[in-house]
Each structure stands twice: as C-alpha cells, then as structure tokens.
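Inside the fold
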Amino acid sequence: MRQDIRAIIDKLSLEEKITLVTGADFFVSRAVERLDIPAFKMSDGPHGVRAQAEGAADHLGLHASAEATCFPSGAAMASGWDPEITAAVGAAIGEEAKAHGIRVMLGPAFNIKRSPLCGRDFEYYAEDPYLAGKLAAAYIRAMQSTGVAACPKHFAGNNQEDRRMVSNSVIDERALREIYLPAFEMAVKEGKPWSIMCAYNRLNGVFCSENGWLLDQVLRKEWGFDGAVISDWGAVSDRAKAVKAGMDLEMPGTGEFSDGILRKALTAGEVSEAELDACVEHILRLIQRTEAAVENRNDVLAEHHALARRAAEECLVLLKNEGHVLPLEKTRTLAVLGALAEHPRYQGGGSSHVASWQVDNTLECLRELADGEVLYAPGYDLTDGESVSDEYLVPAMELAGKADQVLVFVGLTEQYETEGADRADMKLPKAHDALVRQVLAVHPDAVVVLTAGAPVAMPWIEDVKALLSTYTAGDGLGSAAARILFGEVNPSGKLAETMPICLEHNPSYLNFRESKTDIRYAEGVFVGYRWYEKRKLSVLFPFGHGLSYTTFAYSHLTLDKQRMNETESLTVSVDVMNVGEVAGKEVVQLYVSDMETSVPRPVKELKGFTKIALEPGETKTVTFRLNRRAFAFYDTLDGDWAVESGEFEISVGASSADIRLRDIVTVEAAPWRPLETVTQETTFGELADDPRTYPLLCKYLRQSPMYHPEEMPDAPEFLRNLPLWTLNHMAGSEITKQMLLQYVAELNDVLRK
Ligand code: BGC
C-alpha cells in the first residue's frame, strides 16, 4: 500500500473515509478492501501484550488473553531510572506484539502521579515529568524499531480514575506546561510516536477527544506530532466535534452510530471533508508505518522472561537498611511470612493485565538460593486482608520465634489497586499491618518486603530496620526480590515519587476527587517533591531515594562556565566513585534551582539523571548538558518559556534530599517580560527596572520632594508598587493630570523607539 497518501485519499469515497475513522470492533480498525487498505490490530499495553481473541475482547482486562511476558509495570519500571532497560522492554513487547500481528501497542502510560490514591498509579511512571518523559521516549523509540507503533497515553490530565469518563481536570496553563504536558512533549519530540491516545476526561471544560487546543494547537502545531490520535476506549462523546478537533481514530467500533453522526455533520457543513481527510491521512500514515509489524516470531517468551527478571532487578528499591540487616545470610534459618511471598502481586488490575507465561514465585526463588532452612506461613488471608485473625497470625509468630532471620511480605492486592477506581485511603490491608507489628515485636531485625503501585501509610516504619519495595515489578519480581535479599544483586532502584508521611500532606489532598465534575488542580506546579520541598514538609522517603549495598562518593562537580547567556548550553560533569566493597549501580541526579524568581517556582527541579555501574574502587565521570529549557518556566502571559537573568544553583546527588555537590551559574537572559506599553497604572518599580524608561522616571520623580529617584530600583516594595498616577493624585503634588498624560505619552515614545 506504499503509495502517496494524498493519491489514496483522492481515490477514497466519502463513505470510505467515514469507514476509516472509526474502529470495527474492540481492537481492530476497519479496512477498505477496494483500495487494499487493511484493517489493523491494536492491543494493550503497556507492560506486556494483552492479545485477546476476536469476540472475547474487553478494555478492562476481564476476559482471557494470550500468554505473554509481564514486564515491570510503569511505576516499577520508572524506579529503575534506566532508559536502556526501559528501551529493551519496549522492544521486547514490540516483538511479542508482532507475533500476534498487532500493529499498535497501547502504551506507554505515563500520566503524572499526582495522588497516591489514583487507581492506575501502578501503571504510571512518576511524579516528575522529566523522568517520565525520558523513559517514555526510550520505550517508544525501541518499540517502534520493531515496526510496531507505540501509543503513549492518556493525553492529558487523566490523573484519577474516579469518574474518569466525565470529570473535568481544571489545570492552569503553567501547571499544564510545566507538569502535566512535558512528559508527553518529550515523548513526542524525542520518541516520535506514530500514534497517541487521548484521555477520557475533560481538560478545562472540553473533552480531550474534542479538544482542538490540545490535539491540534499543542500536539501537532507546537510539538510537530505527525501520527494518528486514537481515542481512549469509549472516550468520544461527539464524533463530529472530535474530527474537527483532530481526533483521528475512534475506538472501539460503534457499529453505524458514529458514521451516522459524521454523515449528518458533513452534510450540514459542521465538519468539512478536508477535516475528515486530515484524520484519514494520519490513519493511512499509521498503516504505512506499521507494515513491518506483521512478520511473526513466536519463540521469544523464554528470552523475554529473562529480560523481565533483569528489568525487575533494576527496579526494586531498598528504602531502609539500618545496621546492614540486608543482605540476608544464606546459611541461617529464614522465616518467610506473608502470602504475597507465595503469590507475588506483580501487576495491577484492568486493561494492562497480562496473562503471564511464567511467574517467579518469590518463596520458591528464596528456597532455591538459601543454604539453610526456609520456613513459611501465609500470615494473613490473601483474599481478605481486612480481617485480622489468629488463625493466620499464630502460626506465623511461631515461625518468627524459631528463625534467625525473618522476611515479612505485605502490600496491596489487586482488589485495592485497579483501573477504573481510586483507593479510598493510603492504608495497607489491616491484617498486613498487624503481621508487621507483631513480628517486629519479637524480631526487631525482621525485613519488610512491600508491594504496592503507589505510596502507602507505614505506621510501623520507625520500628523496621530494613524495607524493600518491589512495586508491581512484573513476572520476574520473585527472582529479583530473592536475589536482592540474598545479596546476589545489589539494589539500584530509586523512588520515582515521594512517599509522604500521610495522605493529608499530599498536594492534591484537598481537591483530589473533590466533586462529581470539576477537579481543580489547585496545587499548580507544586506536585510531588516540588510541593513537599516548598512547604518544608518532612516525608517518609524522598523522591529519588534508594539505597545500595555499597557506597558512592561524589566529587569534582564542574560547570564548563560560571556565566552564560540563556541561548548557550551548560555542560556539567561530576565524578562518582564506588567506595564500598561490592559492585553496584548509582542513579546520579541533577537538579536546577532558580535562586531568585518573579513567579513562584519549585525549590528545585530534576533536569538530568544517569544510571552508572561501578566496580569497587572504580570512578566514572558523568556528564550532563543543560539547555535553556532547564532554566525556564512557562510564562502564561507571553504564552512561551521564559528565563529570568540571575543565579541558578546546579545540585547533584543521590536523591532529591541527598544532594552531594552544588555550584552556581549566572544566566544572562533577555529582560523577562520587557515593558511593552506604559499606562497610568504602570508602577515606579516597573519603570525603574527598564533601562529605557528609568531616565524619564527620574526626571518626573525629581519634581516631588517625596522621592529619591536614584534609589527607586532598590527602593522598598511599598514605593516600587506605587502606580504612575500617584504623581498627580497625591496632595501637594505639582504634577497636573495634563502633565501626567504627557509623561505617559513620552514614556511610550521611548518604548517605541
Ligand atoms: C484504558 C486504556 C486502554 C483501553 C483499551 C481503556 O479503558 O483507559 O488505557 O488502552 O481501555 O483496553
């Protein structure tokens, strides 16, 4: 079908065009056989292939799907902070998709983790857009190198599950541009996806599927997206409005329903044929781009399970390890308590649910590695975590009393965390908390292994010495956890989100799910660590935190310049040495802080990271390059990114709270928001700050004994804030209204020159 797309469109009848823009059934598009335009298959995504048989498909993971590899879900993957392994996973999923003739994989999913309660937090990458964007771009590029299209989702502002098909995310433009859109922007600009999925929700009053600002202005015109926009499943409320907005393919099929609406709208002139052609063009381009996705290679599962294990090993996060309780000793008796050890929860519920081909049972993996005895008790009823019962606790406590070392497996099971519903609170199931408390009372060195796709409350945290977080790390979770616990693998994951002490501290607390429709993102740009740092709130574990069995020393932070123009880039390098006894990996993180700002900005923001492997004694130099955007904020009045002149701190460290080295660079930028016009309301301060108007201001102020014009640039704010018209209004002023108008005219003349 590789013909000129325009030529194909010219041959299509209006009816055929209408056919192409809505799906046939659940996961298949419609063909136009007359012109050899094939139907194509799509599938979830994002962390494995959920290929369903025709006629038995659904968008909530209810029905069966073909066996596949379940890789770490988004939240786990992002804790790896590793674009390389994320890319390897993206490519592997692409390979598995091809084996089913799937051309479009519905993922990656990387809405910002705004609240720990979002039911899909386990699927999403991070609370930080830079981290999410880098990983998404790596995944997309790698997946598409196999010929399968990625379909990043859910664009945009879909940060809760509650009423997701009708809610209205009310997000101010700065928060959109700085927090909720940049990961998509990076995914589009760096990953170049061939498709993208629009979200269910309304964004600032308009359904994403009908949002021309989002889909056309921002996505296509500003970011240069040239792929197909696909609706989330059932996200189209008005097919005609969606075509007009640039929403190309409606999924799933609606029978004749949408065709009828479109026909009518075309006849009534509400939608033009040119607008429909644009959708058709994007869909045809997607078909052409995915032609290679049809070759089958069916023998990849075994290879991919090994990759799933490797990926999980990168992702697990060692949150606490006081007194080096971990790694465990292989020869000592070990009690494994908690049913999640025998039945690991390695993924979440909903459309991303993969029928895993092979699942590593953590308990068995521990037994394989241990040289001593491994005792086991479930500790709680896996299907009823809210009932605390001696039937489970007593046998577990008996084993805890006998063993030299104890592991307690707790977490959220799928019924707590699933697509389509948010969690009610941050609590773990009661029986899980009870098990931890009781075991710690008799065995203070007991290690907790926590599985959850989002932060949970940990009322026992002060008493626990070692804590390993697994997130939902895919079907290799069991083997990765066992190898890390026994020290065969050195943990290297870092949190991609902050773990707050309690839900009330979370920035979205007051307005998450606040009403049936409008969800005000009142915290603005202060999401995740940007909030906790600005409010100086203590947290349980900070963004970027994760321990290792070795220690890394940071030195020689070097900036290639101390002063720079905003158009230049800054190269930052730092040496990191493994000063411990074992090999390990470190995620080196770089943050930028604007030291003095005219708009409220976060204390610091992540603008670079690299994961490096180091043998004991080895040193590597890590280099980052920062461009203008790393220093900028979004200026909503100008509708553009702005940099303010002044000092910026560059800090490098092992987490957002463990900064090892800092330095300052002075950036010279064009005056931020230079005066365009002067009115009687322009303030003395504004006129004093602009070298063009300052001399005139001095001339006027000299006429009043009240002011010392030379001091005005640095005068106290109460003076700088006075508007020009006060020259005339103040009692005793010699400056008449006439003169004031003359001054305004003179000042504007100066600006125009
Ligand atoms: C989900 C999407 C998914 C689609 C198809 C929707 O309910 O929000 O993420 O790709 O179903 O299963």
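See the structure above.
About the thresholds
- Residues numbered from 1 in each chain as written.
- Predicted model: local features only at pLDDT ≥ 70, side-chain atom pairs only at ≥ 80, totals over all residues.
- Heavy atoms only, no water.
- Phe/Tyr/Trp six-rings, centres within 6.5 Å; stacked < 30°, edge-to-face > 60°.
- Helix = DSSP H or I, 4+ residues; strand = E, 2+ residues; numbered from the N terminus.
- Buried < 20%, exposed > 50% of the residue type's maximum accessible area, 1.4 Å probe, protein only.
- Lys NZ or Arg CZ within 6 Å of the ring centre and 35° of its normal.
- Pairing = 2+ DSSP bridges.
- Axes fitted to C-alpha atoms, helices over the stretch in contact; angles between N-to-C directions.
- 1 Å grid on protein atoms, 1.4 Å probe; cavity = no way out; pocket = protein on both sides within 12 Å on 5 of 7 lines; lining within 4 Å.
- Points joined across faces, edges and corners; volume = space filled by probe spheres on them.
- Nonpolar A, V, L, I, M, F, W, Y, C, P; charged D, E, K, R; others polar.
- Parallel < 35°, antiparallel > 145°, perpendicular 65-115°, else oblique.
- Left-handed = near helix turned anticlockwise from the far one by under 90°.
- Contact = heavy atoms within 4.5 Å.
- Near = heavy atom within 4 Å.
- Polar contact = N/O pair within 3.5 Å; in protein donor to acceptor, adjacent residues only side chain to side chain.
- Areas by Shrake-Rupley, 256 points an atom, 1.4 Å probe, with all protein chains shown as cover.

Under the counting rule described, the total for this entry stands at 16 aromatic pairs. When the centroid spacing of 4.5 Å and the interplanar angle of 35° are considered together, the rings of Phe110 and Phe184 count as tilted. Here Phe110, found in the loop between strand E3 (102–106) and helix H5 (129–144), pairs with Phe184, found in helix H7 (residues 182–191); they are 74 residues apart in sequence, far enough to count as distant. Ring geometry for Phe155 against Trp223: centres 5.8 Å apart, planes inclined by 55°, an arrangement best described as tilted. Within this pair, whereas Phe155 is found in the loop between strand E4 (149–150) and strand E5 (168–170), its partner Trp223 is found in the loop between helix H8 (212–222) and strand E9 (228–231), the two being separated by 68 residues in sequence. We classify Phe155 as buried; its relative accessible area is 0%. Joined through ring pairs, the aromatic side chains of Trp81, Tyr130, Tyr529, Phe543, Tyr591 and Phe609 make up one cluster. We note Lys604 situated over the ring of Tyr591; from NZ or CZ to the ring centre the distance is 5.3 Å. The ring centre of Trp641 lies 3.6 Å from the NZ or CZ of Arg629, which sits over that ring.

Let us look at the sheet that holds strand E15 (residues 447–451). Read from one edge of the open sheet, 6 strands run E10-E16-E15-E14-E11-E13, paired in mixed fashion. Each of the sheet's edge strands pairs with one partner strand only, and the pair in question is strand E10 (317–321) and strand E13 (374–377). Neighbour-to-neighbour, the strand axes of this sheet turn through a mean angle of 15°, independent of strand direction. One ladder, built from 5 bridges, connects strand E14 (residues 405–411) with E15; its direction is parallel. By the bridge assignment, Val410 is partnered in E15 with Leu450.

With respect to burial, strand E22 (residues 570–578) is a largely interior element, 7 of its 9 residues being buried. In terms of strand pairing, strand E20 (residues 552–559) meets E22 through 6 bridges, oriented antiparallel. For Tyr554, the partnering residue across the bridge sits in E22 and is Val576. Across 8 bridges, E22 lies against strand E25 (residues 619–626) in antiparallel orientation. Note that in E25 the partner of Leu570 across the bridge is Leu626.

For the rest of this paragraph, the subject is the layout of surface pockets. Of the volumes computed, that of the largest pocket is approximately 970 Å³. Ser598, Glu644, Trp672, Arg673 and Asp689 are, among the 27 residues lining the largest pocket, the residues nearest its centre. Elements that contribute at least two residues to the lining of the largest pocket include exactly helix H18 (684–689) and helix H20 (717–720). If one sorts the elements of the lining of the largest pocket by residue count, H18 sits on top with 3 residues. Roughly 640 Å³ of volume is contained in the second largest pocket. If you go around the second largest pocket, you meet 26 residues; those closest to its centre are Tyr130, Lys134, Met186, Asn627 and Arg629. Elements supplying a minimum of two residues to the lining of the second largest pocket: H5, H7, strand E24 (605–614) and E25. Broken down by element, the residue count for the lining of the second largest pocket peaks at 6 residues, all from E24. Split by residue class, the lining of the second largest pocket holds 12 nonpolar, 4 polar and 10 charged.

It is at 10 Å that the axes of helix H19 (residues 694–701) and helix H22 (residues 737–752) come closest, and there the two elements cross at 160°. In terms of axis orientation, H19 runs roughly antiparallel to H22. Crossing handedness for the pair H19 and H22: right-handed. Contacts between H19 and H22 involve Leu696, Lys699 and Tyr700 from the first element and Tyr743, Glu746, Leu747 and Val750 from the second.

Time to look at the site of the ligand. Surrounding the ligand, one finds 15 residues, the nearest of these being Asp44, Arg120, His154, Asp232 and Glu419. In the environment of the ligand, an oxygen atom lies 2.9 Å from a nitrogen or oxygen atom belonging to the side chain of Lys153. With respect to the ligand, the side chain of Arg164 contributes an N or O atom lying 3.1 Å from an oxygen atom. In the complex, the protein chains occlude 100% of the 310 Å² of accessible area that the ligand would expose alone. Considering only residue class, the shell around the ligand consists of 5 nonpolar, 3 polar and 7 charged.

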